[in-house]
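Descriptive analysis of the structure
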Amino acid sequence: MTPLRLGVMGCAEIARRRMLPAMAADERIELVAVASRDGRTAAETARPYGCRPVTGYAELLGLAEVDAVYIPLPAALHAEWVEAALRAGKHVLAEKPLTTEADRTRELVESAERRGLVLMENVMFVHHPQHAAVRRLVSDGAIGEPRSFHAVFTVPALPASDIRHRPDLGGGALWDVGVYPLRAALHFLGDRLRVVGATLETVAGRQVDTGGAVLLRTPEGVTVQLEFGMEHAYRSAYELVGSTGRISVERAFTPPADHRPVLRLTGSSGTQEIELPAADQVARTLAAFTAAVRAGTGPAAGDCLAQAGLLDAVRRAAHR
């Protein structure tokens, strides 16, 4: 089939380190152009892939040979450029969070639907098959009735110059790393979660939240505890506890492509380690995006909208 002609709007680290190599390796994608506000940066980023460097994001959207754009800009700029891309008739894969306001997220989802365009939030871990394996175990009754869920994603301190320390660009731990455990809770427990309490912390010298914790609850009484931070020792994990057992997963959210996941299932007879094949969640995310474009219908927006609503609720409820 004809490859999806893709342009990249911005030269963020995630684009350079993970997304661009995966796009270049995918035969379903033709990497057409890379845009930056700085022409030299665009040229340096585009050169290894033999694609066109473009100075300015609007100029990228004006290219007729671009069918879709990937947007790895800072979170505070997503809404503006996602809207511009949709108005230009481009399909969009945008970094998480899609926007920093639930109402704007809903507006953009509805705009894409009206135009018959695919708008997908780049939450990659949900495409890794280890989480489907966990879902199957829970569905098969491996841990009995779910009782609680605990998830954590924390990373070491970032350089002082990192854009995630800038409030004007949508920085902060909640937007950057808090999304992961929050989305995991939605992924396993559904979209009826409600915020019971939250806290956002800031270390001295920072202008954004650098960590936090959230307590959620389902209508059925399943409790959810989430932790996140970007001034912490590294941890990426979750655990589902049920009436008869529990399942835990380490390296849950950003595993390398060659990582072989191990699910630890503990019950009355002891602990069983279930090793799964390695999988590349970046490649799988791109495959899901290209498949949606070819099918002419975007992925279900329910989790994206529920996540946006919960992020808003956490911010309102948080003790600072």
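Cut-offs used in this document
- Residues numbered from 1 in each chain as written.
- Predicted model: local features only at pLDDT ≥ 70, side-chain atom pairs only at ≥ 80, totals over all residues.
- Heavy atoms only, no water.
- Axes fitted to C-alpha atoms, helices over the stretch in contact; angles between N-to-C directions.
- Helix = DSSP H or I, 4+ residues; strand = E, 2+ residues; numbered from the N terminus.
- Parallel < 35°, antiparallel > 145°, perpendicular 65-115°, else oblique.
- Left-handed = near helix turned anticlockwise from the far one by under 90°.
- Contact = heavy atoms within 4.5 Å.
- Nonpolar A, V, L, I, M, F, W, Y, C, P; charged D, E, K, R; others polar.
- 1 Å grid on protein atoms, 1.4 Å probe; cavity = no way out; pocket = protein on both sides within 12 Å on 5 of 7 lines; lining within 4 Å.
- Points joined across faces, edges and corners; volume = space filled by probe spheres on them.
- Buried < 20%, exposed > 50% of the residue type's maximum accessible area, 1.4 Å probe, protein only.
- Pairing = 2+ DSSP bridges.
- Right-handed = clockwise from strand over helix to strand, strands pointing away.
- Core = buried A, V, L, I, M, F, W, Y, C linked by side-chain atoms within 4.5 Å.

1. Overview of the packing of helix α5 (residues 102-115) against helix α9 (residues 302-317)
Where α5 meets α9, the closest approach of the two axes is 8 Å, and the angle between their N-to-C directions is 165 degrees. In this view, α5 runs roughly antiparallel relative to α9, as classed from their interaxial angle. Note that α5 runs across α9; the crossing there is left-handed. Seen from α5, the contacting residues are Ala-102, Thr-105, Arg-106 and Val-109; seen from α9, they are Cys-304, Leu-305, Ala-308, Gly-309 and Asp-312. Here the residues of the contact of α5 with α9 are counted per class, giving 5 nonpolar, 2 polar and 2 charged.

2. Points about the layout of surface pockets
Its boundaries defined by the atoms lining it, the largest pocket holds a volume of some 1,200 Å³. The wall of the largest pocket is formed by 46 residues, among which Ala-12, Glu-13, Ile-14, Arg-164 and Asp-176 lie closest to the centre. The class makeup of the residues in the lining of the largest pocket is 23 nonpolar, 11 polar and 12 charged. Taken together, 28 residues line the second largest pocket, and the ones lying closest to its centre are Met-120, Gly-298, Pro-299, Ala-300 and Ala-301.

3. Looking at unusual backbone geometry
In this structure, Pro-97 follows Lys-96 across a cis peptide bond, with omega equal to -10 degrees. The residue Pro-97 is located in the loop between β5 (91-95) and α5 in this model. Residues other than glycine seldom take positive phi values, yet Arg-251 does so here, at roughly 50 degrees.

4. Quick look at the pairing of strand β4 (residues 68-71)
Because side chains alternate across β4, one face comprises the buried residues Ala-68 and Tyr-70, and the other comprises Val-69 and Ile-71, equally buried. Where strand β1 (residues 4-9) lies against β4, 3 bridges are found, and the strand directions are parallel. Paired with Val-8 across the strands is Tyr-70, a residue of β4. Inspection of the sheet shows β4 paired to β5 by 4 bridges, in the parallel sense. What sits directly across from Tyr-70, in β5, is Leu-93. Between β4 and its parallel partner β5, the chain crosses via helix α4 (residues 78-87), and the hand of that crossover is right-handed.

5. Examining the nonpolar core
Counting 47 residues, the largest nonpolar core has Val-134, Phe-149, Leu-216, Leu-226, Tyr-238, Phe-253 and Leu-263 as its most contacted members. If you tally residues by element for this core, the top one is helix α7 (residues 173-189), at 11 residues. Not counting residues up to four positions away in its chain, the partners in contact with Leu-226 are Phe-149, Ala-151, Pro-181, Leu-182, Ala-185, Gly-212, Ala-213, Val-214 and Leu-216. Grouped together as the second largest cluster of nonpolar side chains are 28 residues, Leu-60, Leu-73, Val-82 and Cys-304 included.

6. Side note on the sheet that holds strand β11 (residues 235-242)
Strand order in the open sheet formed by 9 strands is β14-β13-β12-β11-β7-β10-β9-β8-β15, with mixed pairing between adjacent strands. Each edge of the open sheet is held by one strand with a lone partner, namely β14 (270-275) and β15 (318-319). Summarising the sheet, β11 and strand β12 (residues 246-250) pair through 5 bridges and their orientation is antiparallel. When the sheet's bridge partners are listed, Val-241 is paired in β12 with Arg-246. The strands touched by α7 within the sheet are β7 (146-154), β8 (194-201), β9 (211-217), β10 (223-229) and β11, with β10 carrying the most contacts at an inclination of about 155 degrees.

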